[in-house]
Each structure stands twice: as structure tokens, then as C-alpha cells.
Amino acid sequence: MESKRNFRKVVIVGAGAVGSTFAFALAQRGIADQIVLMDANREYAEGQVLDLVHGLPYYPPVQIRTGEPEDYADARVIVLTAGAKQSPGESRLALLKKNASIVSSIMDEIVKQKSGAVVVVASNPVDVLTYVALKRSGWPKGRVIGSGTVLDSARFRYLLSQHCEVDVSNVHAYILGEHGDSEFPAWSMTNIGGVSIEDYCPICNMCDDWEDERDQIFQSVRDSAYHIINYKGSTYFAIGMALVRIVGTILQNQRSVLPVSTLLDGEYGLKDVCLGIPAVVGQEGVQEIITAPLTSEEQESLRNSAATLQKALEQIKE
Ligand SMILES: NC(=O)c1ccc[n+]([C@@H]2O[C@H](COP(=O)([O-])OP(=O)(O)OC[C@H]3O[C@@H](n4cnc5c(N)ncnc54)[C@H](O)[C@@H]3O)[C@@H](O)[C@H]2O)c1
């Protein structure tokens, strides 16, 4: 039994661009024993798996295969990247309802299989679908989480590192709130090598007008997905890496602080909404939400993001 408990099985539901890129990146990290790909289009999943397994001589040891709903039972992590694309003429709300129904039916099957996994939702709109998946499951809130603003924060860190010409691993910065248009940069939490961004400015001395530069950096972060989608149709490499980061901390119980989407229950004065907020993530999923001392402006932005998400949730309930 002990060996089964330690068996690091990751099931990915949705073998499209995001699911397969995540599988590829995860296989190379050597932190999963088994990667199972599932998709409503079974043949598509078979094709992705065949392509992936032909790289097996070059990955650290790992099994990669297609699966069945029974695979949910002993999975350690289940990642949802399944989703419908917007059809011509289809409204955002219609798409939202369609994806909420896809996520609900997948969750029903996961619960039916008595899974002990942590579920990580990546399908968009991620915060709304995380809420839908959590409520549908009836599980403790920490066990159903969303990728939140982990990707947005990676984009933010990258752009700050480029601007300040410093190693991205020394840039600590968070985008919080909705993974979407109402997200905001938590400048009060931003530091480079332990020095707050405001105090780092004279050290860096790279720009004439920091106020203006910082607005541009945030706009680039917020609009990144639109630019990439305009250029090549969809985004998948960086979200694949962000999912490896989230799933890695669960598999290895690293207790990393990540801005995942999680249900707020009074933190920051907000309730009954999932959004991206720094949280300690380990083997049980979200183990603790960090209540950071945000400025009053940042708190207002967080409330605005929560209101946007609650409005979307009300719409799908109609
Ligand atoms: N959270 C983030 O930061 C982030 C970043 C990029 C993309 N995304 C989202 O990830 C999702 C997937 O994107 P993609 O580019 O891989 O799309 P895709 O169309 O390439 O893949 C989606 C896959 O889901 C499958 N699918 C649909 N319904 C299903 C069901 N009921 N069960 C199993 N599989 C089902 C489809 O057959 C398809 O293969 C989208 O919702 C996208 O918006 C999220």
C-alpha cells in the first residue's frame, strides 16, 4: 500500500494544446511516475500519447498513456484543461455556460470514482470554473484550485527582469485577482533581491519615468494573451510550465507560495468567490491563504475583481 500511496500519478483531462504541452514539460521534469491523458476526442488523445511516448528514451523514467475515468481513483493530481472553443457568433456567456457544464460533468465522474486527488483547473475562465468545480465536488476548498494568476505573475516577473536587467529568479512579484481583464499588479509586494521595487528604482536607474514605465509593464502583462492569440491562435508553452510549477509543489509537498485561484472565505473581506491570491500550496492543495497587507488601492482592485467574477457566476446560475 505504501508504494501505491507514493505513486505520483497525474491525470490530464483535455489533450489539446495546453494539456499536451503540460504533459511534455511534466515528463521532462521527472517528478511524475505516470501521466495519463484523456480527451472527449479519444483518437486525438491517442495521437498525442503516441507522439509523447516516442520521446521516452530521452525523458527521466515515466509512463505516459491514455486513460479511463477509473484512472481518477488513485491519481494524486487531476488537471483540467478541457474546454470548448468559441464558435463563430457564439457569445462569451454561451461559451461560459458550455465550459461550466463540461467541468461539472468531469467533476461528477471524479467524485463518482472516489478520487483522493487534488484537482487543478486551467480551463478558462479559470476562476469561475474553479468555483463551479469546487461547488460541484463538495470537497474541502483547498482540494480544488485554479491556475489563477500564476501565469500572469510569471509574465510580470519576466517583464520586470527585462526592464531592470536582472535575473528573473531574483524578481518576486504577483498579479492578483481575476485571471483576466480585472487583474492587477500588487506593487506593494514587488521586490528585487529583497529590496522593494520603489527602493530598487534608484539602484536600477534604467528609466526616466518609473510611473509611466510601470503602467506599461502591467498593460503588457494584462494584454499578453491577446497579443499571442493574435499572432498564433493560442497560448500553451508558459501555461504548461506554470502547471508544472503548481503540480510539482503538490506532488513534492513543497509548500510553495503561488497565486493560485482559491475560494475566499472572509480573507480580504471577501467571500464565496475564487480568485488568484498568494497561498501556500502542498500535497493537500491550498493549505493556507496568505493575507498580505495590500494598500487601500490594491484592496479596491481586489474587490473590483471579485465583483466582476461574482457577476459572471450569477449569469451562469440564471
Ligand atoms: N489558465 C490559464 O492561464 C490558461 C492559459 C492558456 C489557456 N487556457 C485555457 O485552457 C483551455 C484549453 O486550451 P487549449 O488551447 O488546450 O484548447 P484545445 O482546444 O487545444 O484543447 C481542449 C481539448 O479539450 C477537449 N475537450 C472538450 N470537452 C471535453 C470533455 N468534456 N472531456 C474531455 N476533453 C474535452 C477537446 O477535445 C480538446 O482536445 C482553454 O479553456 C483555454 O482558454 C488557460
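Note that the structure is a prediction, hence the values are computed from the model and not measured.

S.K.: Mind showing me how you'd approach helix α5 (residues 126-137) here?
M.R.: Given 3.6 residues per turn, any residue in an α-helix points the same way as the ones three and four places further on. Given a rise of 1.5 Å per residue, twelve residues ought to cover 16 Å, and the 16 Å separating the end C-alpha atoms of α5 matches this to within 8%. Burial of α5 is extensive: ten of the twelve residues sit out of reach of the surface. Residues of α5 that are buried include every one of V126, D127, V128, L129, T130, Y131, V132, A133, L134 and S137, and no others. Check the buried side of α5 and you find it contacts α4 (92-112), β5 (118-121), β6 (144-146), β13 (261-265), β14 (271-276) and α10 (296-317). Two residues or fewer after α5 comes G138, characterised by a positive phi angle close to 70°.

S.K.: Looking at this structure, I do not really get the side chain of D71. What am I missing?
M.R.: Relative to the helices and strands, D71 is located in the loop between β3 (63-66) and β4 (77-80). Look at D71 and you get buried, because its relative accessible area is 9%. Within polar-contact distance, the side chain of D71 engages the side chain of R65 at 2.6 Å. Setting aside residues up to four positions removed in sequence, D71 forms contacts with K9, V11, V36 and R65.

S.K.: Looking at this structure, how should I read the sheet that holds strand β7 (residues 171-172)?
M.R.: As summarised here, the arrangement of the three strands in space is β7-β10-β11, forming an open sheet in which the pairing is antiparallel. Each edge of the open sheet is held by one strand with a lone partner, namely β7 and β11 (195-196). As judged from the two bridges shared by β7 and strand β10 (residues 191-192), these two strands associate in the antiparallel manner. Note that in β10 the partner of H172 across the bridge is N191.

S.K.: I tried to follow a negative patch on the surface on my own but got confused; where do I start?
M.R.: There is a patch of like negative charges on the surface, built from D208, D209, E211, D212 and D215. Note that E211 resides in helix α8 (residues 210-232).

S.K.: Sorry, what's going on with the pairing of strand β15 (residues 279-282) here?
M.R.: Side-chain direction in a regular strand flips from residue to residue, so the side chains alternate between the two faces of the sheet. Residues of β15 alternate between two faces, with A279 and V281 on one and V280 and G282 on the opposite face, all of them buried. Of the pairings in the sheet, the one linking strand β12 (residues 256-258) to β15 comprises three bridges and is antiparallel in character. In the sheet register, V257 faces β15, and the bridge partner there is V280. By the bridge criterion, four bridges tie β15 to strand β16 (residues 285-289) in an arrangement that is antiparallel. Across the sheet, G282 pairs through a bridge with G285, a residue of β16. Linkage of β15 to β16, two consecutive antiparallel strands, is achieved through a turn of two residues.

S.K.: Please clarify how the environment of W139 should be interpreted in this entry.
M.R.: Assignment of secondary structure puts W139 in the loop between α5 and β6. Separated by 21 residues in the primary sequence, W139 and V118 place their C-alpha atoms 9.8 Å from one another. If sequence neighbours within four positions are ignored, W139 has contacts with I110, V111, S115, A117, V119, L134 and V144.

S.K.: Honestly, the nonpolar core in this entry has me stumped. Any pointers?
M.R.: Generally speaking, a soluble globular protein has its nonpolar side chains buried in company with each other. One finds V10, I78 and L80 to be the most contacted residues of the largest nonpolar core, which totals 88 residues. Sort the elements by how many residues they give to this core and helix α9 (residues 237-251) lands first, with eight residues. In this structure, C164, W187, C207 and V221 belong to the second largest nonpolar core, which totals 16 residues.

S.K.: How should I be thinking about the packing of α4 against α10 in this particular structure?
M.R.: Two packed helices can be described by the angle between their axes and the distance between those axes. At a closest axis distance of 10 Å, the pairing of α4 and α10 adopts a crossing angle of 75°. Here α10 runs roughly perpendicular to α4, going by the angle between their axes. For the pair α4 and α10, contact is made by L93, L96, K97 and A100 and by A312, Q315 and I316, respectively. Residues of the contact of α4 with α10, tallied by class, amount to five nonpolar, one polar and one charged.

S.K.: Help me understand unusual backbone geometry in this model?
M.R.: One can expect most non-glycine residues to show negative phi and most peptide bonds to be in trans. Here N124 and P125 are connected by a cis peptide whose omega angle stands at -5°. Tracing the sequence through the fold places P125 in the loop between β5 and α5. One non-glycine residue with positive phi stands out, namely D272, at about 60°. With respect to the secondary-structure elements, D272 resides in strand β14. Residue class for D272 comes out partly exposed when judged on its relative accessible area of 36%.

S.K.: What should I look at first to understand the site of the ligand in this one?
M.R.: Around the ligand sit 22 residues in total, of which V18, D39, A122, N124 and S147 are the nearest. One of the backbone nitrogen or oxygen atoms of A122 is found 3.0 Å away from a nitrogen atom of the ligand. Interatomic distance of 3.0 Å between a side-chain N/O atom of N124 and an oxygen atom of the ligand. Compared with its free state, where it exposes 860 Å², the ligand has 80% of that area covered by protein. Residue assignment for the shell around the ligand shows that the elements contributing at least two residues are α2 (17-29) and α4. Residue composition of the shell around the ligand, grouped by class: eleven nonpolar, nine polar and two charged.

The rules we used
- Residue numbers here run from 1 along each chain, matching the order of that chain's written sequence.
- Selection of residues for local features in this predicted model requires a pLDDT of at least 70, selection of side-chain atom pairs for listing and counting requires 80 or more, and totals for whole chains, interfaces and linings are taken over all residues.
- Side-chain numbers here rest on the full set of heavy atoms in the structure, without hydrogens or water.
- Helix numbers and strand numbers start at the N terminus; a helix is a DSSP run of H or I with at least 4 residues, a strand a run of E with at least 2.
- Given the number of residues in a helix, its expected span is that number minus one, multiplied by 1.5 Å.
- A simple rule labels every residue: compare its accessible area, found with a 1.4 Å probe on the protein chains alone, to the largest value its type can have, and call it buried under 20%, exposed over 50%, or partly exposed in between.
- The criterion used for residue contact is that any of the two residues' heavy atoms lie within 4.5 Å.
- Under the rule applied, a polar contact is a pair of N or O atoms within 3.5 Å (in protein, one hydrogen donor and one hydrogen acceptor; residues adjacent in sequence only if both atoms are side-chain atoms).
- Paired strands are those between which DSSP finds at least two bridges.
- Patch construction takes residues with relative accessible area above 30% that form no salt bridge. Like charges are linked within 9 Å, and nonpolar side chains (Val, Leu, Ile, Met, Phe, Trp, Tyr) are linked within 5 Å.
- Shrake-Rupley sampling with a 1.4 Å probe provides the accessible areas, and residues are treated as covered by the protein chains on show and by no other component.
- Every case where a carboxyl oxygen of Asp or Glu lies within 4 Å of a side-chain nitrogen of Lys or Arg is listed as a salt bridge.
- Neither His nor the chain ends is counted toward charge; the positive residues are Lys and Arg and the negative residues Asp and Glu.
- To locate a charge, take NZ of a lysine, CZ of an arginine, CG of an aspartate or CD of a glutamate.
- In these notes, a set of buried Ala, Val, Leu, Ile, Met, Phe, Trp, Tyr and Cys residues joined through side-chain atoms within 4.5 Å is what counts as a nonpolar core.
- Axis definition: a line fitted to C-alpha atoms, over the contacting stretch in the case of helices. Angles run 0 to 180 degrees between N-to-C directions.
- Roughly parallel covers angles under 35 degrees, roughly antiparallel covers those over 145, roughly perpendicular covers 65 to 115, and oblique covers all other angles.
- Residue polarity is assigned by list, with Asp, Glu, Lys and Arg as charged and Ala, Val, Leu, Ile, Met, Phe, Trp, Tyr, Cys and Pro as nonpolar; anything else, Gly included, falls into the polar class.
- Only heavy atoms are used to decide nearness, and a residue is near a molecule or strand if one of them lies within 4 Å of it.

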